[in-house]
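What follows is the residue order along each chain.
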Amino acid sequence: MEFINKKEIKLNRKLSYIDKLVLNFVSILEKYVDYVIISGYISILFGRARATEDIDIFIKKIEEKEFSKLYEALDHGGFWCLNAEKVEEIFNYLQDGLAIRFARKKTSIPNFEIKFPKRAIDEETFGDSINVILSGGRIIISSLERQIAFKRYFLKSDKDIEDALHIEEILKINLIMIKLINLRK
Amino acid sequence: MKDKKKIKITDNKEIRIFLKPGRNNKEERLNFVRYWAQYVKNHKDEDWSGQQNLLIDSQVQ
């Protein structure tokens, strides 16, 4: 694990099935929209000993025309939407503040839960996101301090506390504690 | 008084940290999270991810 700078981490991990799936999915996604991966997959990426059935992603707000292009590319890339087939209907869900899910065609898990940011604090995830360099490509994740704060002080389930603890333990020296305290506020 | 970590140096000169048993289920789980995180921190990415992938890949496929 190498912390190259404040915005970049290099991981020499062996890629799991989920890692390869994520790399495949975001390689399509990033051509059409800015994204940030949030939630449990981040702790798993950094070694947390559990699996997940979904990967949560914020995408920046785009218009239906751009979303249609993204949808077509995902369809061509072997992914389908679990919520609907018509792009207008799917986009309406996003517009209404709801999450939509994509998975490999003919499967339901693992899946990608995609949503527009709703609150200002959600929007902020794009500002301090970090790049994780893997052998198969790059993925963009929420800042680790933000991830810890969200799991510890907002979600707070046993699983989330454990996820936060794992990241804290891995990265003790590298975390910016002041930033963590500010996020708690 | 804080419990000291149980540590051993193996014949291969590796540092082995032992898992502290928890007094209840929650404490046991948190102790394991800390223990495994230390393992990840102190071993090569290829090492810990190989172990982790056994868990992930068995659940997905």
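Structure first, text after, so check above.
From a predicted model like this one, the values you see are computed outputs, not experimental measurements.

Concerning the pattern of salt bridges
Within the structure shown, the criterion is met by 17 salt bridges over all chains. Residue Arg-146 of chain A pairs with Asp-128 of chain A through a salt bridge whose shortest N-O separation is 2.9 Å. Of this pair, Arg-146 of chain A sits in helix α6 (residues 144-155) while Asp-128 of chain A sits in the loop between α5 (120-127) and β8 (130-134); the two residues are 18 residues apart in sequence, bridging distant segments of the chain. Of the two residues, Arg-146 of chain A and Asp-128 of chain A, both sit in the buried class. Put simply, Arg-48, Arg-50, Lys-151, Asp-160, Glu-162 and Asp-163 of chain A together with Arg-29 of chain B are held in one network by salt bridges that share partners.

Comments concerning helix α2 (residues 45-60) of chain B
Residue and element names in this part refer to chain B. For α2, built from 16 residues, the straight-helix expectation of 22 Å at 1.5 Å per residue is met to within 8% by its first-to-last C-alpha distance of 21 Å. At Gln-52, α2 shows its strongest bend, of approximately 30°. Where α2 is concerned, the buried positions are Asp-45, Trp-48, Ser-49, Gln-52, Asn-53 and Ile-56.

Regarding the packing of helix α7 (residues 158-170) of chain A against helix α1 (residues 25-42) of chain B
It is at 9 Å that the axes of α7 of chain A and α1 of chain B come closest, and there the two elements cross at 30°. Comparing their axes, α1 of chain B and α7 of chain A come out roughly parallel. When the axes of α7 of chain A and α1 of chain B are compared, the crossing they make is right-handed. Contacts between α7 of chain A and α1 of chain B pair Asp-158, Ile-161, Glu-162, Leu-165, His-166, Glu-169 and Ile-170 of chain A from the former with Lys-26, Arg-29, Leu-30, Val-33, Arg-34, Trp-36, Ala-37, Gln-38, Val-40 and Lys-41 of chain B from the latter. Partitioning the contact of α7 of chain A with α1 of chain B into residue classes produces eight nonpolar, two polar and seven charged.

Regarding the interface of chain B and chain A
Contacts between the two partners involve 24 residues from chain B, matched on the other side by 27 residues from chain A. Taking both sides of the interface into account, the surface hidden between chain B and chain A amounts to around 2,200 Å²; carbon and sulfur atoms contribute 62%. On inspection of chain B and its partner chain A, the count reaches one salt bridge. Put simply, Glu-162 of chain A and Arg-29 of chain B hold a salt bridge, and the shortest N to O gap is 2.7 Å. The tally of links from chain B across to chain A stands at 13 residue pairs in polar contact (both at pLDDT 80 or more). At the level of elements, α1 and α2 of chain B are the ones that each hand at least two residues to the side of chain B that touches chain A. Per-element tally for the side of chain B that touches chain A: the top contributor is α2 of chain B, with twelve residues. Partitioning the side of chain B that touches chain A into residue classes produces ten nonpolar, seven polar and seven charged.

Quick word on empty space enclosed by the protein
Here the structure, examined in full by the defined rule, presents one cavity of 30 Å³ or more. The computed volume of the largest cavity comes to approximately 30 Å³. If you go around the largest cavity, the residues you meet are Arg-48, Ala-49 and His-166 of chain A together with Phe-32, Val-33 and Trp-36 of chain B. A per-element tally of the lining of the largest cavity places α1 of chain B first, with three residues. Looking at the lining of the largest cavity residue by residue, the classes come out as four nonpolar, one polar and one charged.

Regarding the packing of α1 of chain B against α2 of chain B
For any two helices packed against each other, the geometry is given by the interaxial angle and the distance between the axes. Residues and elements named next belong to chain B. Where α1 meets α2, the closest approach of the two axes is 7 Å, and the angle between their N-to-C directions is 140°. Comparing their axes, α2 and α1 come out oblique. Across the interface between the two elements, Trp-36, Tyr-39 and Val-40 from α1 touch Asp-47, Trp-48 and Gln-51 from α2. Residue classes in the contact of α1 with α2 are distributed as four nonpolar, one polar and one charged.

A look at unusual backbone geometry
All names here are of chain A. Looking along the chain, the bond that leaves Ile-109 and enters Pro-110 is cis, with omega of -5°. Tracing the sequence through the fold places Pro-110 in the loop between β6 (100-104) and β7 (111-115). The residue Lys-106 is not glycine, and still its phi comes out positive at about 70°. On the secondary structure map, Lys-106 appears in the loop between β6 and β7. Of note, the phi angle at Lys-156 is positive, near 65°, even though the residue is not glycine. Relative to the helices and strands, Lys-156 is located in the loop between α6 and α7. Looking at Lys-156, the relative accessible area reads 52%, which means it is exposed.

Thresholds, definitions, all that
- Residues numbered from 1 in each chain as written.
- Chains lettered and ligands numbered in written order.
- Predicted model: local features only at pLDDT ≥ 70, side-chain atom pairs only at ≥ 80, totals over all residues.
- Heavy atoms only, no water.
- Salt bridge = Lys/Arg side-chain N within 4 Å of Asp/Glu carboxyl O.
- Helix = DSSP H or I, 4+ residues; strand = E, 2+ residues; numbered from the N terminus.
- Buried < 20%, exposed > 50% of the residue type's maximum accessible area, 1.4 Å probe, protein only.
- Expected span 1.5 Å × (residues − 1).
- Bend = angle between axes of the 7 residues up to and from the residue.
- Axes fitted to C-alpha atoms, helices over the stretch in contact; angles between N-to-C directions.
- Parallel < 35°, antiparallel > 145°, perpendicular 65-115°, else oblique.
- Left-handed = near helix turned anticlockwise from the far one by under 90°.
- Contact = heavy atoms within 4.5 Å.
- Nonpolar A, V, L, I, M, F, W, Y, C, P; charged D, E, K, R; others polar.
- Buried area = accessible area lost by both parts, 1.4 Å probe.
- Polar contact = N/O pair within 3.5 Å; in protein donor to acceptor, adjacent residues only side chain to side chain.
- 1 Å grid on protein atoms, 1.4 Å probe; cavity = no way out; pocket = protein on both sides within 12 Å on 5 of 7 lines; lining within 4 Å.
- Points joined across faces, edges and corners; volume = space filled by probe spheres on them.

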